[in-house]
Amino acid sequence: MIIDIPEGKDAIEYVWGEMIPGIGVAASKYSMAVYAHTTLGLREFEAARLRIAQINGCAFCLDWRTERDGQQVEDGFADAVTEWRTTGAFDERTRLAVEYAERYALDHHGLDEEFWSRMTAAYSQHEIVELSMCIGSWLAFGRLNNVLGLDTVCRLPSGSSPAAGRARP
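Just so it is clear, the structure is predicted and the values come from calculations on it, not from any experiment.

Draft legend 1. Just the overall build of the chain, in detail. For the chain, the count of helices and strands is 8 helices and 0 strands. Starting at the N terminus, the α and β elements of the chain follow one another as α-α-α-α-α-α-α-α. Expected size for 169 residues packed as a compact globule is a radius of gyration near 15 Å; at 16 Å, the chain falls within 12% of this value. Overall size of the chain, expressed as C-alpha extent along the three principal axes, is 50 × 35 × 30 Å.

Here it is as structure tokens:
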């Protein structure tokens, strides 16, 4: 980690909440809103989120699993995201969510008419904007955490740290 965290402070709470409060608190609220107010299905949401986590290399994001009403995606879901082009585990909307996340992060200029034709056949305009805002949040904040080294000192809800099981790239 390249940021000095005062003794006894939680790294993520310090950086996101205390260090730059005018920006960090707003960013934190945006990040939390993505989870609290999404109308996207859990599988679509998690597929896109995990693909961004894989691209960013954020250890915390890779270990995180979104839970809704006591439900999470099945074991092996992250592996299916890695193999999104060929897996039989995804329906068309889930596969499109992963493809969109990947192309948004790596080749947004390549989002062509053919892609948008498929996307608008499966998602409403409202859902496309919502998914775009979610992807933008994960891309920005997961990358911020990874670049600053915060992703290996964050605590998962279980209390464990991703650093214990994942080496930095």
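From this point on, the discussion continues.
Draft legend 2. Structural view of the nonpolar core. By size, the foremost hydrophobic cluster in this structure holds 21 residues, and its most contacted members are Met119, Tyr123, Leu131, Ile135 and Trp138. Elements with a minimum of two residues in this core: helix H3 (42–56), helix H6 (92–106), helix H7 (113–122) and helix H8 (125–148). When residues in this core are grouped by element, the largest group, 6 residues, is from H8. If you look at the next biggest cluster of nonpolar residues, it comprises 11 residues, including Leu50, Val73, Phe77 and Ala80.

Draft legend 3. How the structure looks around the packing of helix H2 (residues 21–36) against H8. Taken N-terminus to C-terminus, the directions of H2 and H8 make an angle of 135 degrees; their axes are 10 Å apart at the nearest point. Compared by their axis directions, H2 and H8 come out oblique. Classified by chirality, the crossing of H8 by H2 is left-handed. Contact residues: Ala27, Tyr30, Ser31, Val34 and Tyr35 in H2; Met133, Cys134, Ser137, Trp138 and Phe141 in H8. Each residue belonging to the contact of H2 with H8 can be placed in one class, and the counts come to 8 nonpolar, 2 polar and no charged.

Draft legend 4. Looking closely at H2. Relative to the 22 Å expected for 16 residues at 1.5 Å per residue, H2 spans 21 Å between its end C-alpha atoms, a close match to the ideal helical length. Residues Gly24, Ala27, Ser31 and Val34 constitute the buried set of H2. In a view along the axis of H2, the buried residues occupy a sector of 80 degrees, so they form one face of it. Those residues of H2 that are exposed and aimed more than 90 degrees away from the buried face are Gly22, Lys29, Met32 and Ala36. Buried positions along H2 lie against helix H1 (11–19), H3 and H8.

Draft legend 5. Here's a closer look at the pattern of salt bridges. Following the criterion strictly, the structure yields 11 salt bridges and no others. Between arginine 43 and glutamate 74 there is a salt bridge, with the nearest N and O atoms lying 2.6 Å from each other. One end of the pair, arginine 43, is in helix H3; the other, glutamate 74, is in the loop between helix H4 (59–63) and helix H5 (77–82), with 31 residues separating them in the sequence. The class of arginine 43 is partly exposed, set by a relative accessible area of 28%.

Reading the values: rules and limits
- Throughout this description, residue numbers start from 1 for each chain and increase along the sequence as written.
- Whole-chain, interface and lining totals are the exception, using all residues; otherwise, since this is a predicted model, local features are given only for residues with pLDDT of at least 70 and side-chain atom pairs are given and counted only at 80 or more.
- Only heavy atoms go into the side-chain values, all of them from the structure, while hydrogens and water stay out.
- Think of it this way: any DSSP run of H or I at least four residues long counts as a helix, any run of E at least two long counts as a strand, and we number them from the N terminus.
- The atom set for the radius of gyration is the C-alpha atoms, and the globule formula is 2.2 Å times the number of residues raised to the power 0.38.
- What makes a nonpolar core is a set of buried Ala, Val, Leu, Ile, Met, Phe, Trp, Tyr and Cys residues whose side-chain atoms join them at distances within 4.5 Å.
- For every residue, the accessible area obtained with a 1.4 Å probe (protein chains only) is divided by the maximum for its type, and the residue is called buried under 20%, exposed over 50%, and partly exposed between those limits.
- All axes here are fitted lines through C-alpha atoms, helices being fitted over the stretch that makes contact, and every angle between N-to-C directions spans 0 to 180 degrees.
- Small angles under 35 degrees read as roughly parallel and large ones over 145 as roughly antiparallel, with 65 to 115 read as roughly perpendicular and the rest as oblique.
- Note: crossing handedness is left-handed where the near helix turns anticlockwise from the far helix by less than a right angle, and right-handed where it turns clockwise.
- The contact definition used throughout considers only heavy atoms, calling two residues in contact when any of these lie within 4.5 Å.
- Residues are grouped as follows: Ala, Val, Leu, Ile, Met, Phe, Trp, Tyr, Cys and Pro are nonpolar; Asp, Glu, Lys and Arg are charged; all remaining types, including Gly, are polar.
- Multiplying one less than the number of residues by 1.5 Å gives the expected span of a helix.
- Taking the helix axis as origin, the arc is that swept by the directions to the C-beta atoms.
- Only one rule defines a salt bridge in this text: a Lys or Arg side-chain nitrogen within 4 Å of an Asp or Glu carboxyl oxygen.

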